[in-house]
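# Secondary and tertiary structure notes
Spelled out, the chains give:
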Amino acid sequence: METAPSSSAPLPRFGDGRRMRIGLLGGSFNPAHAGHQQIAREALKRLGLDQVWLLVSPGNPLKPAKGMAPFAERLASAEKIADGRRIVATDLEGRLGERYTVRTVAALKRLYPRASFIWLMGADGLAQFPRWKEWRQLARLVPIAVFPRPGSVIPALKGQAAQVLHAGRCPARQGRLLPGQEGWTFLEMRENPLSATALRQAGAFPAAQTLAPSDKPD
Ligand SMILES: Nc1ncnc2c1ncn2[C@@H]1O[C@H](COP(=O)(O)OP(=O)(O)OP(=O)(O)O)[C@@H](O)[C@H]1O
Ligand SMILES: O=C(O)c1ccc[n+]([C@@H]2O[C@H](COP(=O)([O-])O)[C@@H](O)[C@H]2O)c1
(Lines give C-alpha, C1' and ligand atoms only; values in the text may rest on other atoms or scores of the structure.)
(Ligands and ions follow the chains in the order given, each with its own letter.)
Protein backbone atom coordinates (compact mmCIF):
# COMPACT_ATOMS: atom_id res chain seq x y z
CA MET A 1 0.00 0.00 0.00
CA GLU A 2 1.20 3.48 -0.77
CA THR A 3 1.49 5.50 2.41
CA ALA A 4 -0.29 8.82 2.46
CA PRO A 5 1.80 11.83 3.33
CA SER A 6 1.93 12.17 7.10
CA SER A 7 0.55 15.40 8.42
CA SER A 8 0.78 17.03 11.79
CA ALA A 9 -2.19 19.26 10.94
CA PRO A 10 -5.03 18.94 13.45
CA LEU A 11 -8.00 16.84 12.44
CA PRO A 12 -10.73 18.89 10.82
CA ARG A 13 -13.32 20.36 13.16
CA PHE A 14 -16.82 21.18 12.09
CA GLY A 15 -20.23 22.15 13.27
CA ASP A 16 -21.54 24.50 15.86
CA GLY A 17 -22.20 21.93 18.56
CA ARG A 18 -25.25 20.39 16.90
CA ARG A 19 -25.23 16.83 15.57
CA MET A 20 -23.96 16.76 11.98
CA ARG A 21 -25.16 14.30 9.37
CA ILE A 22 -22.20 13.25 7.26
CA GLY A 23 -22.12 11.06 4.16
CA LEU A 24 -18.84 9.21 3.61
CA LEU A 25 -18.04 8.59 -0.06
CA GLY A 26 -14.93 6.43 0.06
CA GLY A 27 -13.03 6.01 -3.16
CA SER A 28 -9.78 5.70 -5.02
CA PHE A 29 -10.63 8.84 -7.03
CA ASN A 30 -8.16 7.76 -9.69
CA PRO A 31 -9.41 10.25 -10.91
CA ALA A 32 -12.53 11.83 -9.36
CA HIS A 33 -15.32 12.49 -11.86
CA ALA A 34 -18.86 13.74 -12.34
CA GLY A 35 -20.31 10.34 -11.29
CA HIS A 36 -18.89 10.93 -7.79
CA GLN A 37 -20.22 14.47 -7.77
CA GLN A 38 -23.68 13.27 -8.78
CA ILE A 39 -23.77 10.75 -5.90
CA ALA A 40 -22.56 13.38 -3.43
CA ARG A 41 -25.20 15.91 -4.49
CA GLU A 42 -27.96 13.34 -4.56
CA ALA A 43 -26.98 12.11 -1.09
CA LEU A 44 -27.00 15.64 0.34
CA LYS A 45 -30.52 16.17 -0.97
CA ARG A 46 -32.13 12.75 -0.54
CA LEU A 47 -30.58 11.87 2.82
CA GLY A 48 -30.80 15.38 4.27
CA LEU A 49 -27.06 15.51 4.96
CA ASP A 50 -25.03 18.48 6.15
CA GLN A 51 -21.88 17.37 4.34
CA VAL A 52 -20.41 14.64 2.16
CA TRP A 53 -16.77 13.75 2.76
CA LEU A 54 -14.86 12.38 -0.23
CA LEU A 55 -12.69 9.95 1.70
CA VAL A 56 -9.64 9.32 -0.46
CA SER A 57 -8.37 5.78 0.03
CA PRO A 58 -4.63 5.25 0.54
CA GLY A 59 -5.10 1.96 -1.32
CA ASN A 60 -8.22 -0.10 -1.95
CA PRO A 61 -7.28 -3.58 -0.62
CA LEU A 62 -9.01 -5.19 -3.62
CA LYS A 63 -7.38 -3.08 -6.34
CA PRO A 64 -3.88 -3.47 -7.77
CA ALA A 65 -1.35 -0.72 -6.98
CA LYS A 66 -0.37 -0.72 -10.64
CA GLY A 67 -1.94 2.24 -12.40
CA MET A 68 -2.92 3.91 -9.11
CA ALA A 69 -1.81 7.55 -9.07
CA PRO A 70 -0.07 8.82 -5.92
CA PHE A 71 -2.32 9.69 -2.99
CA ALA A 72 -1.65 13.44 -3.31
CA GLU A 73 -2.73 13.46 -6.96
CA ARG A 74 -5.93 11.58 -6.20
CA LEU A 75 -6.69 13.92 -3.29
CA ALA A 76 -6.14 16.91 -5.60
CA SER A 77 -8.49 15.33 -8.11
CA ALA A 78 -11.19 14.87 -5.43
CA GLU A 79 -10.69 18.48 -4.35
CA LYS A 80 -11.57 19.60 -7.89
CA ILE A 81 -15.06 18.13 -7.68
CA ALA A 82 -15.63 19.29 -4.07
CA ASP A 83 -16.89 22.71 -3.09
CA GLY A 84 -15.14 22.78 0.29
CA ARG A 85 -18.41 23.54 2.05
CA ARG A 86 -21.03 20.79 1.57
CA ILE A 87 -18.76 18.44 -0.39
CA VAL A 88 -15.34 18.14 1.18
CA ALA A 89 -12.34 16.11 -0.03
CA THR A 90 -10.34 14.66 2.84
CA ASP A 91 -7.08 12.79 3.45
CA LEU A 92 -8.39 11.47 6.79
CA GLU A 93 -8.16 7.79 5.88
CA GLY A 94 -4.54 8.21 4.83
CA ARG A 95 -3.79 10.10 8.03
CA LEU A 96 -5.45 7.41 10.11
CA GLY A 97 -3.23 4.89 8.33
CA GLU A 98 -6.23 2.68 7.56
CA ARG A 99 -7.43 1.13 4.33
CA TYR A 100 -10.11 -1.26 5.55
CA THR A 101 -13.40 0.59 5.71
CA VAL A 102 -14.54 -1.20 8.87
CA ARG A 103 -11.53 0.21 10.73
CA THR A 104 -11.78 3.65 9.18
CA VAL A 105 -15.43 3.99 10.13
CA ALA A 106 -14.78 2.78 13.67
CA ALA A 107 -11.98 5.35 14.01
CA LEU A 108 -14.11 8.17 12.59
CA LYS A 109 -16.93 7.38 15.01
CA ARG A 110 -14.48 7.62 17.90
CA LEU A 111 -12.95 10.85 16.58
CA TYR A 112 -16.28 12.52 15.82
CA PRO A 113 -18.76 11.29 18.43
CA ARG A 114 -21.24 14.03 17.55
CA ALA A 115 -21.46 13.06 13.89
CA SER A 116 -24.06 10.72 12.41
CA PHE A 117 -22.34 8.98 9.53
CA ILE A 118 -23.75 7.15 6.52
CA TRP A 119 -21.60 5.20 4.04
CA LEU A 120 -22.28 5.98 0.37
CA MET A 121 -21.40 3.69 -2.50
CA GLY A 122 -22.27 2.70 -6.03
CA ALA A 123 -24.10 -0.56 -6.73
CA ASP A 124 -20.80 -2.19 -7.76
CA GLY A 125 -19.68 -1.73 -4.14
CA LEU A 126 -22.68 -3.62 -2.77
CA ALA A 127 -22.18 -6.39 -5.35
CA GLN A 128 -18.59 -6.93 -4.17
CA PHE A 129 -19.31 -6.17 -0.47
CA PRO A 130 -18.87 -9.81 0.68
CA ARG A 131 -15.20 -9.50 -0.28
CA TRP A 132 -14.69 -6.54 2.07
CA LYS A 133 -13.07 -7.11 5.44
CA GLU A 134 -15.66 -7.81 8.17
CA TRP A 135 -18.49 -6.54 5.96
CA ARG A 136 -21.24 -7.78 8.25
CA GLN A 137 -19.67 -5.87 11.14
CA LEU A 138 -19.29 -2.80 8.89
CA ALA A 139 -23.02 -2.94 8.08
CA ARG A 140 -23.75 -2.92 11.82
CA LEU A 141 -21.38 -0.02 12.42
CA VAL A 142 -22.75 2.42 9.85
CA PRO A 143 -25.88 2.71 7.70
CA ILE A 144 -25.37 2.49 3.95
CA ALA A 145 -26.91 4.21 0.94
CA VAL A 146 -26.39 2.53 -2.43
CA PHE A 147 -26.68 4.31 -5.78
CA PRO A 148 -27.35 2.73 -9.18
CA ARG A 149 -24.55 2.17 -11.64
CA PRO A 150 -24.86 0.73 -15.14
CA GLY A 151 -24.52 -3.05 -15.10
CA SER A 152 -24.34 -3.34 -11.32
CA VAL A 153 -27.90 -2.89 -10.06
CA ILE A 154 -29.07 -6.49 -10.52
CA PRO A 155 -25.83 -8.06 -9.23
CA ALA A 156 -26.05 -5.75 -6.20
CA LEU A 157 -29.72 -6.19 -5.34
CA LYS A 158 -29.69 -9.93 -5.97
CA GLY A 159 -26.25 -10.54 -4.50
CA GLN A 160 -25.13 -12.15 -1.24
CA ALA A 161 -24.83 -8.91 0.72
CA ALA A 162 -28.37 -7.76 -0.19
CA GLN A 163 -29.69 -11.17 0.83
CA VAL A 164 -27.83 -11.38 4.12
CA LEU A 165 -28.73 -7.78 4.99
CA HIS A 166 -32.30 -8.14 3.70
CA ALA A 167 -33.97 -7.36 7.04
CA GLY A 168 -32.11 -4.07 7.32
CA ARG A 169 -33.20 -2.68 3.94
CA CYS A 170 -35.29 0.41 4.33
CA PRO A 171 -37.44 2.11 1.66
CA ALA A 172 -35.78 5.03 -0.13
CA ARG A 173 -38.40 7.44 1.20
CA GLN A 174 -37.17 6.67 4.72
CA GLY A 175 -33.55 7.31 3.76
CA ARG A 176 -33.47 10.49 5.82
CA LEU A 177 -33.95 8.42 8.98
CA LEU A 178 -30.82 6.38 8.33
CA PRO A 179 -27.83 8.51 9.43
CA GLY A 180 -26.99 7.39 12.96
CA GLN A 181 -29.15 4.23 12.66
CA GLU A 182 -28.51 0.73 11.34
CA GLY A 183 -29.71 -0.42 7.90
CA TRP A 184 -29.35 0.36 4.23
CA THR A 185 -31.29 1.75 1.33
CA PHE A 186 -31.11 1.82 -2.45
CA LEU A 187 -31.71 5.25 -3.94
CA GLU A 188 -33.00 5.30 -7.51
CA MET A 189 -31.46 7.98 -9.69
CA ARG A 190 -30.46 8.48 -13.30
CA GLU A 191 -27.54 6.14 -13.97
CA ASN A 192 -24.24 7.75 -14.84
CA PRO A 193 -21.96 5.68 -17.11
CA LEU A 194 -18.78 7.55 -16.13
CA SER A 195 -15.92 5.62 -14.57
CA ALA A 196 -12.34 6.38 -13.61
CA THR A 197 -11.24 3.36 -15.64
CA ALA A 198 -12.70 4.87 -18.81
CA LEU A 199 -11.09 8.23 -18.06
CA ARG A 200 -7.68 6.62 -17.52
CA GLN A 201 -8.06 4.64 -20.72
CA ALA A 202 -8.83 7.88 -22.53
CA GLY A 203 -5.58 9.27 -21.12
CA ALA A 204 -7.42 11.86 -19.05
CA PHE A 205 -5.48 11.26 -15.85
CA PRO A 206 -1.76 11.05 -15.12
CA ALA A 207 -2.26 7.59 -13.64
CA ALA A 208 -2.42 6.33 -17.20
CA GLN A 209 1.25 7.21 -17.44
CA THR A 210 2.16 6.24 -13.86
CA LEU A 211 4.37 3.21 -13.45
CA ALA A 212 4.05 0.91 -10.48
CA PRO A 213 7.35 0.74 -8.52
CA SER A 214 8.19 -2.69 -9.94
CA ASP A 215 7.76 -1.37 -13.50
CA LYS A 216 10.12 1.55 -13.10
CA PRO A 217 13.36 1.28 -15.02
CA ASP A 218 16.49 1.13 -12.84
N1 LIG B 1 -20.80 6.54 -12.36
C2 LIG B 1 -21.01 6.15 -11.10
N3 LIG B 1 -22.27 5.87 -10.68
C4 LIG B 1 -22.49 5.44 -9.39
N5 LIG B 1 -21.51 5.26 -8.48
C6 LIG B 1 -20.25 5.54 -8.85
C7 LIG B 1 -19.94 5.99 -10.17
N8 LIG B 1 -18.61 6.18 -10.24
C9 LIG B 1 -18.11 5.85 -9.04
N10 LIG B 1 -19.08 5.46 -8.20
C11 LIG B 1 -18.92 5.04 -6.81
O12 LIG B 1 -18.05 5.97 -6.18
C13 LIG B 1 -17.22 5.29 -5.24
C14 LIG B 1 -15.76 5.55 -5.56
O15 LIG B 1 -15.52 5.08 -6.87
P16 LIG B 1 -14.08 5.02 -7.55
O17 LIG B 1 -13.24 6.13 -7.05
O18 LIG B 1 -13.55 3.65 -7.52
O19 LIG B 1 -14.45 5.38 -9.06
P20 LIG B 1 -14.65 4.36 -10.25
O21 LIG B 1 -15.10 5.15 -11.41
O22 LIG B 1 -15.50 3.21 -9.81
O23 LIG B 1 -13.13 3.86 -10.45
P24 LIG B 1 -12.54 2.64 -11.29
O25 LIG B 1 -13.17 2.66 -12.66
O26 LIG B 1 -11.08 2.93 -11.31
O27 LIG B 1 -12.87 1.37 -10.52
C28 LIG B 1 -17.59 3.82 -5.33
O29 LIG B 1 -18.56 3.56 -4.31
C30 LIG B 1 -18.25 3.70 -6.70
O31 LIG B 1 -19.22 2.66 -6.73
O1 LIG C 1 -12.64 -2.59 3.63
C2 LIG C 1 -12.50 -3.29 2.61
O3 LIG C 1 -12.19 -4.48 2.65
C4 LIG C 1 -12.69 -2.62 1.28
C5 LIG C 1 -12.58 -3.34 0.09
C6 LIG C 1 -12.79 -2.68 -1.11
C7 LIG C 1 -13.09 -1.32 -1.14
N8 LIG C 1 -13.20 -0.65 0.04
C9 LIG C 1 -13.51 0.79 0.04
O10 LIG C 1 -14.49 1.08 -0.91
C11 LIG C 1 -14.36 2.42 -1.34
C12 LIG C 1 -14.47 2.46 -2.84
O13 LIG C 1 -13.27 1.96 -3.36
P14 LIG C 1 -12.90 2.20 -4.89
O15 LIG C 1 -11.46 1.87 -5.03
O16 LIG C 1 -13.80 1.30 -5.66
O17 LIG C 1 -13.17 3.63 -5.15
C18 LIG C 1 -13.02 2.90 -0.79
O19 LIG C 1 -13.28 3.68 0.37
C20 LIG C 1 -12.33 1.61 -0.39
O21 LIG C 1 -11.42 1.75 0.70
C22 LIG C 1 -13.01 -1.27 1.23
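As recorded by an unreviewed UniProt entry, the chain carries the name Probable nicotinate-nucleotide adenylyltransferase and is attributed to Oecophyllibacter saccharovorans. UniProt, in the comment section headed Catalytic activity (unreviewed entry), describes the chain in these words: "nicotinate beta-D-ribonucleotide + ATP + H(+) = deamido-NAD(+) + diphosphate". Recorded in UniProt for the chain, the comment headed Pathway (unreviewed entry) runs: "Cofactor biosynthesis; NAD(+) biosynthesis; deamido-NAD(+) from nicotinate D-ribonucleotide: step 1/1."

## Some words on the nonpolar core
Counting 47 residues, the largest nonpolar core has Leu 25, Leu 54, Ile 118, Leu 120, Ile 144, Ala 145 and Val 146 as the members making the most contacts within it. The biggest single contributor to this core is strand E4 (residues 115–122), with six residues. In contact with Ala 145, other than residues within four places in its own chain, are Ala 43, Leu 47, Ile 118, Leu 120, Gly 175, Leu 178, Thr 185 and Leu 187.

## What about the site of ligand 2?
Around ligand 2 there are 16 residues in total, and Gly 26, Gly 27, Ser 28, Asn 60 and Trp 132 lie nearest to it. Those elements that place two or more of their residues in the shell around ligand 2 are strand E1 (20–27) and helix H4 (101–111).

## Some points on the confidence of the model for the chain
With 86% of its residues at a pLDDT of 70 or more, the chain has an overall mean of 89. Overall, residues 1–7 carries pLDDT values under 50, and its contacts beyond four positions in sequence, including any with other chains, amount to 17 contacts. Confidence drops under pLDDT 50 across residues 207–218; counting only partners more than four residues distant or on other chains, this segment forms 12 contacts. Across the predicted assembly, pTM comes out at 0.92 and ipTM at 0.99.

## Some remarks on the sheet that holds strand E6 (residues 184–186)
Here six strands make up an open sheet; going across it, the order is E3-E2-E1-E4-E5-E6 and the pairing parallel. Since the sheet does not close on itself, it has two edges, and those belong to strand E3 (87–90) and E6, each with one partner. Going across the sheet, the axis of each strand differs from the next one's by a mean of 25°, ignoring polarity. With six bridges joining them, E1 and E4 adopt parallel strand pairing. Within the sheet, the bridge partner assigned to Met 20 lies in E4 and is Ala 115.

## What to know about the site of ligand 1
Looking at ligand 1, there are 19 residues lining it, with Gly 27, Gly 35, Gly 122, Ala 196 and Thr 197 nearest. Broken down by secondary-structure element, the contributors of at least two residues to the shell around ligand 1 are E1, helix H1 (34–46), E4, helix H5 (123–127) and helix H9 (196–201). It is H1 that provides the largest number of residues to the shell around ligand 1, a total of three residues. For the shell around ligand 1, the residue count by class is seven nonpolar, 10 polar and two charged.

Conventions adopted
- Residues numbered from 1 in each chain as written.
- Chains lettered and ligands numbered in written order.
- Predicted model: local features only at pLDDT ≥ 70, side-chain atom pairs only at ≥ 80, totals over all residues.
- UniProt positions renumbered as here; feature names shortened; annotations may be inferred.
- Core = buried A, V, L, I, M, F, W, Y, C linked by C-beta atoms within 7 Å.
- Buried ≥ 20, exposed ≤ 12 C-beta atoms within 10 Å, placed from the backbone.
- Helix = DSSP H or I, 4+ residues; strand = E, 2+ residues; numbered from the N terminus.
- Contact = placed C-beta atoms within 7 Å.
- Near = placed C-beta within 6 Å.
- pLDDT = per-residue confidence, 0-100.
- Pairing = 2+ DSSP bridges.
- Axes fitted to C-alpha atoms, helices over the stretch in contact; angles between N-to-C directions.
- Nonpolar A, V, L, I, M, F, W, Y, C, P; charged D, E, K, R; others polar.

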